[in-house]
Amino acid sequence: MATWNHILLIDSNSPLMEQLNFFHDHTLLIITLITILVGYNMLSLLTNSFINRFLLHGQLIEIIWTILPAIILLFIAFPSLRLLYLLDETNKPSLTLKSIGHQWYWSYEYSDFKNIEFDSYMVPSAELNEGDFRLLDVDNRIVLPNHTQIRLIATATDVIHSWTVPSLGVKIDATPGRLNQTNFYMNRSGLFFGQC
């Protein structure tokens, strides 16, 4: 869970979130290199007084500064597309969890078992115990196994809701009249907080 002094992304608890963290670092490195290069060029333009008459009208330099950004964009686009396909892939889930969004709570059903369903309400601020998190703790938590491929089916009864657990790298919209599905895999056990 992120705290008030947390600067980077939160620690990952799933392989997909690890890939998202790697992609973030990869893209940030490229952006940093571009920023340094552009800053150096601007500083050198402001400080030097040399004029080259061949640099004013040059087809070669125009080709270079057109093709170079396209190549840089490919270094961002290919890992991004790979990650998009990885996030959308569903691999033979061992467990299915159905999540139904309501106005102020969520209903959950373990679809692989009979009659296992419950409602999960947020704990009011006045009833929080020492060490509980305000606006994150609920009265009935979901219990899921780790090292298991889990499919999540989300829908809503009234308005569009968003079911997300940032440390798992999963976010799905729950829309009335529609079933959306995603999957996730937990590397380790723990208490993971989600938001709506």
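Residues numbered from 1 in each chain as written. Predicted model: local features only at pLDDT ≥ 70, side-chain atom pairs only at ≥ 80, totals over all residues. Heavy atoms only, no water.

With an unreviewed UniProt entry as reference, the chain is termed Cytochrome c oxidase subunit 2, source organism Forcipomyia taiwana. Listed under Sequence similarities (unreviewed entry) in UniProt, the entry text for the chain is "Belongs to the cytochrome c oxidase subunit 2 family." (UniProt positions renumbered as here; feature names shortened; annotations may be inferred.)

Participant: I would appreciate a short explanation of unusual backbone geometry in the present structure.
Facilitator: Peptide bonds are mostly trans, and most non-glycine residues show a negative phi. For Leu135, which is not a glycine, the phi torsion comes out positive at approximately 65°. Within the secondary structure layout, Leu135 lies in the loop between strand E3 (117-121) and strand E4 (149-156). The class for Leu135 is exposed, based on a relative accessible area of 52%. Residues other than glycine seldom take positive phi values, yet His147 does so here, at roughly 55°. (Helix = DSSP H or I, 4+ residues; strand = E, 2+ residues; numbered from the N terminus. Buried < 20%, exposed > 50% of the residue type's maximum accessible area, 1.4 Å probe, protein only.)

Participant: Honestly, the nonpolar core in this entry has me stumped. Any pointers?
Facilitator: Here is a general trend for soluble globular proteins: nonpolar side chains tend to be buried in one another's company. If you look at the biggest cluster of nonpolar residues, it comprises 17 residues, and the most contacted ones within it are Leu152, Trp163, Leu168, Val170 and Phe184. When residues of this core are traced back to their parent elements, those giving at least two are strand E1 (95-101), strand E2 (105-110), E4, strand E5 (161-165) and strand E6 (170-174). Counting residues per element, this core draws most heavily on E4, which supplies 4 residues. Ignoring sequence-local partners within four residues, the contact set of Leu168 consists of Asn13, Ser14, Met17, Phe184, Met186 and Phe192. (Core = buried A, V, L, I, M, F, W, Y, C linked by side-chain atoms within 4.5 Å. Contact = heavy atoms within 4.5 Å.)

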